[in-house]
Amino acid sequence: MSYVKQLLGMFFLVIAVCGGPFMLYTVKEEIVFAPENVVVHTVYLIQQIAGGSLGTYYLGENERSIAEDIVPFAISTFELLFSSVLIAVVASLVFGLFLQRFRIVRHLQKGMNLFATIPDFILILVSILAAIGFYKMTNIRIITLSPTSDSANSWFPMTLLAIGPTIFLMKVISLKYTQIGGEDYIKTALAKGMGVWHVLIHHVYKNIKPFLLADLKKTIAITVANLFIVEYLLNVVGLTRFIFSKSGAYQFNAAVMGLLGIIFLSILVYLLIRVILYLFERAVVYK
Amino acid sequence: MQKRMNWSLWIGAFLVLLLLIVGVIGPYVAPYELDFQEKLRNEVVGGKTVIISPPLPPSDEHAFGTDKWGYDMLTLLLHGAPYTVFVTLAIALVRLVIGMGIGLYIGVQDKPQRWWLAIENAWSYMPIFIPVYFLLKGVSINPLMPTSTLVALFIGVVAVLGAPSVASSIRQKTEQIKETQYVLAATSLGAGREQIIFRHIVPHLKEQLIIILVTEMVAIMTLMGLLGMFDLFVGGTKMTMDPVLYHSITHEWAGLLGSYRGFVYSNYTWIFLTPLVAFVWAIGSFTLLAKGLREKFEQTYHRTPFI
């Protein structure tokens, strides 16, 4: 029951957010705040959904059906989102936890922290610049902006998208590592002569896991925020197309569907990462 | 313990000071008028007539070059600086005030306030730029209102929407302090709620509040940058229809970065790089300051791991 409540709450939150342009507008130099306008649009949207269609949207000049496009768009967004979050989780576990005790990894992290001073979207912009410069120098193409081109690659946006969450999660995990590493039970375990890997897996990992899970949601939220930028700037055909139209008028139906789609994808990604972590534990920790 | 120089703090503080100075005097020291435009002209160079057309690359006349329409980049940046610095500061201050009001009030309650915790929790997963974008989109593009109203509206919307996260960290800290022995002692001596808040909790929060203020400024600048990527600029967007182009009305740095981002693919990269460098300087100096402050305050709690 509570899940249904949460889903309903999410639906209305999305409606409220997407209804923004109808709620707040200007008439003759005066700001008008009219939340009731959203209700009209919502009723229309629900009518359309009840009628078995998701409505239409404009892509440039063409009117297209949302239902037709939402599945391929969602799949490409999902690939991007899932692989980036997975990269973030794996990288931060490996470098923030298991290899943290090597000095070179700690130096690497210091470098990453320096990197993290710059906001993610600027890193994304700079890497576009770097990719163009790289192409000019070596003629090797790592960035393709035309989504229909044969050489369109997905690893470049994937890597860019992974930067933000990796920096965040690695910081959290290495902070917790420093804290837990100073606990008395670690000292006891080491004094008893247990191996470093044993201590890492059975003492440190198990104690970091709750924090990892708690911050996993935040990690996904950060990834989603960056997802809009990556898809928008790198011309990835994904759900962002529904939400931010590059030109033309605002489209309520498409924006609602796009945001709902992204929320469902993030829940899916969260569950999948949980499954992967569970499998990892079964294979390594509790074998 | 050997005392180490806190470089982040000093460099950050210096850069922030510089930024504040630029923010105050920027428009007065700008080399050109805001509406000065380099026009297409012929010039005789070494006996040959050369057509000079904007964008002009960086030169003695234009330190950072001009944009595609012939406006001097340095002038635009200097005129935009006050908006970048002071809008950010204003939003951070308003957020802090709202957050303190809510956080302290909720934090000292005897029972946890579930409704507020639910809001905090749900809101923490929402990238703030999405609600801000949708709320301001209808107002901000080709605005009918004066710029000052729009800036005030922007400050209000961003401050209110971002306040829950500030309130959250203040609430958590308040709850921690509330459990301490000296608060218990004060309560048993008959101290009222105000007494506890102002005599015991706020003095302990002081350091935290400074850090929150600076971190919030970083977050707000990031937010403005993100909105700029989607053509929503502080103080309004001027949109031309044929071709579809977006211009920042206030020439605020995040806005300049957003409106010139297309030049990343052109040969005139300075048009894109100039606002980028300015913006990174602004955001980087606050990040450094925040890092330095945090290091300064956290030295007391430092622990070294055994492995």
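Residues numbered from 1 in each chain as written. Chains lettered and ligands numbered in written order. Predicted model: local features only at pLDDT ≥ 70, side-chain atom pairs only at ≥ 80, totals over all residues.

### Topic: the overall build of chain A
Logical step 1: When its secondary structure is counted, chain A shows 11 helices and 4 strands.
Logical step 2: The C-alpha extent of chain A, read off along each of the three principal axes, is 75 × 60 × 40 Å.
Logical step 3: Split into buried and exposed, the 287 residues of chain A put 35% on the buried side.
Logical step 4: Summarising the internal contacts of chain A: among those between residues at least 6 apart in sequence, 69% fall at separations of at least 24. (Helix = DSSP H or I, 4+ residues; strand = E, 2+ residues; numbered from the N terminus. Buried ≥ 20, exposed ≤ 12 C-beta atoms within 10 Å, placed from the backbone. Contact = placed C-beta atoms within 7 Å.)

### Focus: the overall build of chain B
Logical step 1: When helices and strands are tallied, chain B shows 9 helices and 4 strands.
Logical step 2: In sequence order, chain B lays out its α and β elements as α-β-β-α-α-α-α-α-α-β-β-α-α.
Logical step 3: Scored against the burial criterion, the 307 residues of chain B give a buried share of 43%.

### Details of the pairing of strand S3 (residues 237-240) of chain B
All names here are of chain B.
Logical step 1: Where S3 lies against strand S4 (residues 245-248), 4 bridges are found, and the strand directions are antiparallel. Bridge pairing links Lys-238 to His-247 in S4.
Logical step 2: Hairpin connection from S3 to S4: 4 residues lie between these consecutive antiparallel strands. (Pairing = 2+ DSSP bridges.)

### Considering the UniProt feature "domain: ABC transmembrane type-1" (unreviewed entry) in chain B
Logical step 1: According to UniProt, the "domain: ABC transmembrane type-1" (unreviewed entry) feature falls on residues 85-282 of chain B.
Logical step 2: Helix makes up 73% of residues 85-282 of chain B and strand 4%, and the two end C-alpha atoms of the span are 8 Å apart. (UniProt positions renumbered as here; feature names shortened; annotations may be inferred.)

### Focus: the domain arrangement of chain A
Residue and element names in this part refer to chain A.
Logical step 1: In terms of domains, chain A is made up of domain 1 (1-52) and domain 2 (71-285).
Logical step 2: For domain 1 versus domain 2, the distance between C-alpha centres works out to 31 Å.
Logical step 3: Between domain 1 and domain 2, the contact holds 8 residues from the first and 8 residues from the second.
Logical step 4: Of all the elements in the fold, those that place two or more residues in the side of domain 1 that touches domain 2 are helix H1 (2-18) and helix H3 (36-50).
Logical step 5: Sort the elements by how many residues they give to the side of domain 1 that touches domain 2 and H1 lands first, with 5 residues.
Logical step 6: Considered class by class, the residues forming the side of domain 1 that touches domain 2 number 7 nonpolar, 1 polar and no charged. (Domains from an automatic or database assignment. Nonpolar A, V, L, I, M, F, W, Y, C, P; charged D, E, K, R; others polar.)

### Describing the UniProt feature "transmembrane region" (unreviewed entry) in chain B
Logical step 1: Here the UniProt feature "transmembrane region" (unreviewed entry) sits at residues 7-30, 83-108, 115-136, 148-167, 209-230 and 268-290 of chain B.
Logical step 2: In residues 268-290 of chain B, the share of helix is 96% and the share of strand is 0%. The end C-alpha atoms are 34 Å apart.

### Side note on the packing of helix H2 (residues 73-108) of chain B against helix H9 (residues 269-298) of chain B
Axes are the key here: two packed helices are described by the angle between their axes and the distance separating the axes.
All names here are of chain B.
Logical step 1: Packing of H2 against H9 leaves a shortest axis separation of 11 Å and a crossing angle of 30 degrees. As summarised for this structure, H2 and H9 are arranged roughly parallel, according to the angle between their axes. Here H2 and H9 pass one another in a crossing that is right-handed. Every residue of H9 that contacts H2 at Met-73, Leu-77 and Thr-84 is listed here: Thr-274, Pro-275, Ala-278 and Ala-282.
Logical step 2: Grouping the amino acids of the contact of H2 with H9 by side-chain chemistry returns 5 nonpolar, 2 polar and no charged. (Axes fitted to C-alpha atoms, helices over the stretch in contact; angles between N-to-C directions. Parallel < 35°, antiparallel > 145°, perpendicular 65-115°, else oblique. Left-handed = near helix turned anticlockwise from the far one by under 90°.)

### Notes on the interface of chain B and chain A
Logical step 1: Counting residues at the interface gives 32 residues for chain B and 39 residues for chain A.
Logical step 2: Of all the elements in the fold, those that place two or more residues in the side of chain B that touches chain A are helix H4 (129-140), helix H7 (193-229) and H9 of chain B.
Logical step 3: Among the elements that take part in the side of chain B that touches chain A, H4 of chain B stands out by supplying 7 residues, more than any other.
Logical step 4: Among the residues making up the side of chain B that touches chain A, the classes are represented as 23 nonpolar, 6 polar and 3 charged.

### A short note on the pairing of strand S2 (residues 48-52) of chain B
In regular strands, side chains alternate between the two faces of the sheet.
Residue and element names in this part refer to chain B.
Logical step 1: Counting buried positions along S2 yields 0 of 5 residues, so the element is predominantly exposed.
Logical step 2: When strand S1 (residues 41-45) meets S2, the two strands line up antiparallel, connected through 5 bridges. Looking at S2, one finds that Asn-42 is bridged to Ile-51.
Logical step 3: With antiparallel pairing between neighbouring strands as the criterion, S1 and S2 make up a hairpin whose turn holds 2 residues, including Gly-46 at a positive phi of roughly 60 degrees.

### As for the confidence of the model for chain A
Logical step 1: When pLDDT is averaged along chain A, the result is 80, and 91% of the positions lie at 70 or above.
Logical step 2: Per-element averaging of pLDDT across chain A places strand S3 (residues 56-59) of chain A at the bottom with 69 and helix H8 (residues 184-191) of chain A at the top with 87. (pLDDT = per-residue confidence, 0-100.)

### Let's talk about the UniProt feature "transmembrane region" (unreviewed entry) in chain A
Residues and elements named next belong to chain A.
Logical step 1: Following the UniProt record, the feature "transmembrane region" (unreviewed entry) maps to residues 6-26, 80-99, 111-135, 155-173, 220-244 and 256-280 here.
Logical step 2: For residues 80-99, the helix share is 95%, the strand share is 0%, and the end-to-end C-alpha distance is 27 Å.
Logical step 3: Here residues 111-135 runs as 88% helix and 0% strand, with 25 Å between its end C-alpha atoms.

### Points about the environment of Leu-184 of chain B
Residues and elements named next belong to chain B.
Logical step 1: Structurally, Leu-184 is set in helix H6 (residues 181-188).
Logical step 2: The exposure class assigned to Leu-184 is exposed, which follows from the 11 C-beta atoms found within 10 Å.
Logical step 3: Between the C-alpha atoms of Leu-184 and Ile-196, which are 12 residues apart in sequence, the distance is 9.7 Å.

### Description of the confidence of the model for chain B
Logical step 1: Considering every residue of chain B, the mean pLDDT works out to 83; 97% of them sit at 70 or more.
Logical step 2: Our summary of model confidence lists the complex with pTM equal to 0.83 and ipTM equal to 0.79.

### Quick look at unusual backbone geometry
Residue and element names in this part refer to chain B.
Logical step 1: The backbone of Asp-231 shows a phi angle near 65 degrees, a positive value even though the residue is not glycine.
Logical step 2: Inspection of the secondary structure assignment puts Asp-231 in the loop between H7 and S3.
Logical step 3: Even without being a glycine, His-251 presents a positive backbone phi close to 60 degrees.

### Re the environment of Lys-296 of chain B
Residue and element names in this part refer to chain B.
Logical step 1: As for its placement among the helices and strands, Lys-296 is situated in helix H9.
Logical step 2: Put simply, Lys-296 and Glu-207 are 89 residues apart on the chain and 9.9 Å apart in space, counted from C-alpha to C-alpha.
Logical step 3: Beyond its immediate stretch of four places on either side in the chain, Lys-296 contacts Asn-6 and Leu-9.

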